[in-house]
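# Secondary and tertiary structure notes
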Amino acid sequence: MDRREFLKQSITVTAASVTIPGIFGNYFAKTSKILPAAFDLVAVKGGEADVMFDDAIKALGGMKNFVKSNQKVCLKPNIGWDVSPERAGNTNPKLVSRVIKHCFDAGAKEVLVFDHTCDNWRRCYSNSGIEKAVKDAGGKIVSGDSENYYQDVSVKSGKKLTNAKVHEVLLDSNVFINMPILKSHSSTRLTIAMKNLMGVVWDRGYWHSNDLHQCIADYATYRKPDLNIVDAYYVMKRNGPRGVSVDDVTTLKSQIVSTDMVAADAAAAKLFGIEPDEISYIKIANAM
Amino acid sequence: MSGSFLRKIRIIVSIIFFIPTTFLFADIFSFIPPYLSNGIVYLQFAPSVLKFIALLSVSSFGFLIILILTILFGRVYCSSICPLGTLQDFVNWIRGKIKRSDKRRFEFLNEQKTLRLSLLIIPILVFVFGSSLAINLLDPYSIYGRFAGNFFRPIMVGLNNIAAFVSDRFKLYAVYGYDLKAFTLIPFIITTAFFVFVVVMSWIKGRLYCNTVCPVGTLLGYISKFSLFKIVIKNEDCLSCGICAKECRANCIDSDNKTIDTSRCVMCFDCLTNCPTNGIVLDRTYFKHSNIQSSNHVNLDINKRSFLFKSSVFLISLSSLAAQIQKKIVVTKPSTKPVFRKNAVSPPGSVSIDKFNGKCTACHLCVSACPTQVLQPSFLEYGFLGMLQPRMDNIASFCNFDCKICSDVCPTGAILPIDLEKKKLTQIGKAIFVKDNCIVQTQKTDCGACSEHCPTKAVHMIPFEGKLFIPETRDDYCIGCGACEFACPTKPYKAIYVEGNREHKLAKKNVEQKKLEEKINYKEEFPF
């Protein structure tokens, strides 16, 4: 028996079918209309990041439910920081690679990956291991570092954020997959799916100076990702979002996959150990 | 060896040095690794001398090689290694192409000895008194570095962005766009003025810059008076036609008196190539009789002394003026007391602002190499004596935590090589929080952009009113990278900025928290 075979067999899918319990009913009630499978949220733990995704997507009816043949897919992992994968500042490259493979298997024409990074983008792309993972999997990695890539859009139901400049790769794509990593965050306490979308716009400073939580919730109404894959394999429990050292990281070996961004954030917050109500943007987004 | 053969070698060697050196400054995607970059500029004379003084190591023997070459063959540094020299030859060549009629346009000029020697001695004196400003302004390699960084680099960026535009248009994303994050106007103007000055001089009189202004040229010139091989006029074969003098870009051949001022000869070999006979040749001068007139020896007269005195007074008065007009910083909200950045921030590895100001020749190689573009030329941020030297511009960008490329490429030792682990603890400045400008204080909403970007969590968030958190700085952990200042979204004045350390310090490692240990039961149910 080879190693992969062993992992596959020993993987524990504890909660592959979460029926939404009453107390968090609010957060999980907003099921997406296009939802084809029986569940809108799947949580997995105990395996390697890529293997867990195999199981999670199976529970959601396979990638074919989200990606049709010849479609253009935009993948938005968190590649914000110039740190190595075990520092848990960026989405797990193994997971990124596996998701791209699933997209191509489902018939995707192209898979494009980008992030508007915080540290120097070339170093982030390379040291996160994501650039290599994307290229090896046959995807295309695109810079998010120049304002030229970003186009004005209006956020119709936004309260504070009524327009934003959004990366053209996202605007051009048929399918949008949001791939955040769960970690602590000094501005918003946690960064998960909704917060990850700050990396698709150009002017983040505006969000910071105009009620950050409200802006995050506002933007969440603009274009909802078709799928949210929350990487919680390595989780940075403090000093986020960049982290000071590997000492800040625990190994949770978990993953939450959901069609509903707010539900994914609420579940991930619980997993982290913080009540979703404590995180203003989750609360606001749920009410919006 | 025939003259035209030597001339071809000269041209090939100068291209071999010129193109990589130029590309180094236009290398926007860091294709050239630091060790190669070191190799390319290894022989550049002034930086190598400065690095030798700073380090006393083999990594800076380049100047010794040049001295040996000079003692053997004269100013070959000037003819083919110096990029500014090659640039001037290029200008000449273009003029030759445009105006074919005025070939053989040069003539013998008298040596401006006082000027040459003053411009050699002043930089040395100013350097001894602790400033590299005069070297910075006169060293040909550094001047050329500024040309390449200010002109060729933007051209490269432009070409790249046209390619990126086309590639993005077709949704190929094969070429990445490149944004220039800052434009420093006054350094650009100064560089442009120098460019015009050098180009006009060479357009009119060939290597006039090298033979009147350039201190490296003067030094090597006087050494080359004693070189083994020299260009000499052979009386018996000379027809006195004067063609050599008209070909001489260094204006150093006096065909009437059949003498050559070797101190100004840049070994271009054009005279040899064009001589109709063998009346002018490259010849061994030692161990045999030579008919070259030895030039007058160095002799400082009263005029020179007074000139030196006056120029030092001028420099001192300018620097005190500069102290007064130093850049007003950032934080001046009408409601708050204006705050000044007392010191600009010098890059990690430069040890102290004074040492940096004393050694940097402002070639801007680090500016070109810096991947985040945080290093930008200064005007008076360091004061007059630090003019044009690079500083950390936290409005443009910030210093990447895991990067020390500037210290790897610096050819002068102004930024000394630094171990990455040490760099991560080197405090080049300290973050200063201005609460009255902070979003959390003024608008009562969460922000924390500064703390997000902080690589050491020297800026961390502490409970504030209600559920809000507000930044707090911890000097012990701060390394002055400027990420907080860059990220701070307040306009027009920042709520957090970095005050430079005159002497760099060692920050403490943030180890107050122990390794997280959590026993995780992967069989346990999810909490939802």
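Just so it is clear, the model here is predicted, and its values are computed rather than measured. Along each chain, numbering runs from 1 in the same order as the chain's sequence is written. Each chain takes a letter, starting from A, and each ligand takes a number, starting from 1, following the order in which they are written. Under the rules for a predicted model, residues below a pLDDT of 70 receive no local features and side-chain atom pairs below 80 are neither given nor counted, while totals for whole chains, interfaces and linings still include all residues. Excluding hydrogens and water, the side-chain figures rest on all heavy atoms present in the structure.

Each helix is a run of H or I in the DSSP string that is no shorter than four residues. Each strand is a run of E no shorter than two, and both are numbered from the N terminus. When you line up the elements, C210 of chain B lands in helix α11 (residues 208–213). Along the primary structure C210 of chain B and I432 of chain B are separated by 222 residues, whereas in three dimensions their C-alpha atoms are 47 Å apart.

Definition of nonpolar core: a set of buried residues of the types Ala, Val, Leu, Ile, Met, Phe, Trp, Tyr and Cys, connected through side-chain atoms within 4.5 Å. Each residue gets one of three labels from its accessible area relative to the maximum for its type: buried under 20%, exposed over 50%, partly exposed in between, using a 1.4 Å probe on protein chains only. Judged by nonpolar contacts, the single largest core of 97 residues is most densely connected at M63, L75, V99, I177, L182, Y219 and I256 of chain A. Contacts of L75 of chain A, omitting those with residues within four sequence positions, involve V96, V99, I100, V111, L112, V113, F114, I177 and M179 of chain A. Here, two residues are considered to be in contact whenever any of their heavy atoms come within 4.5 Å of each other.

Residue and element names in this part refer to chain B. Put simply, two rings from Phe, Tyr or Trp (the six-membered ring, in Trp's case) pair if the centres are within 6.5 Å, and we call them stacked under 30 degrees between planes, edge-to-face over 60, tilted for the rest. Throughout the structure, instances matching the rule amount to 26 aromatic pairs over all chains. Arranged with centres 5.8 Å apart and planes meeting at 45°, the rings of F52 and F61 form a pair that is tilted. Judged by its relative accessible area of 30%, F61 is partly exposed. Here the aromatic rings of F151 and F195 are separated by 5.0 Å at their centres, their planes lie at 65°, and the arrangement is edge-to-face. Linking F151 in helix α9 (residues 140–169) with F195 in helix α10 (residues 185–205), this pair joins segments that are 44 residues apart in sequence.

This paragraph deals with unusual backbone geometry. For the bond running from G240 of chain A to P241 of chain A, omega is 5°, close enough to zero to count as cis. With respect to the secondary-structure elements, P241 of chain A resides in the loop between β10 (227–236) and β11 (249–258). For the bond running from K491 of chain B to P492 of chain B, omega is -5°, close enough to zero to count as cis. Within the fold, P492 of chain B resides in the loop between α22 (483–487) and β10 (496–506). Although it is not a glycine, N239 of chain A sits at a positive phi angle of roughly 60°. Relative to the elements of secondary structure, N239 of chain A occurs in the loop between β10 and β11. The buried category is assigned to N239 of chain A, whose relative accessible area is 14%. Of note, N251 of chain B is a non-glycine position whose phi angle comes to about 50°, a positive value.

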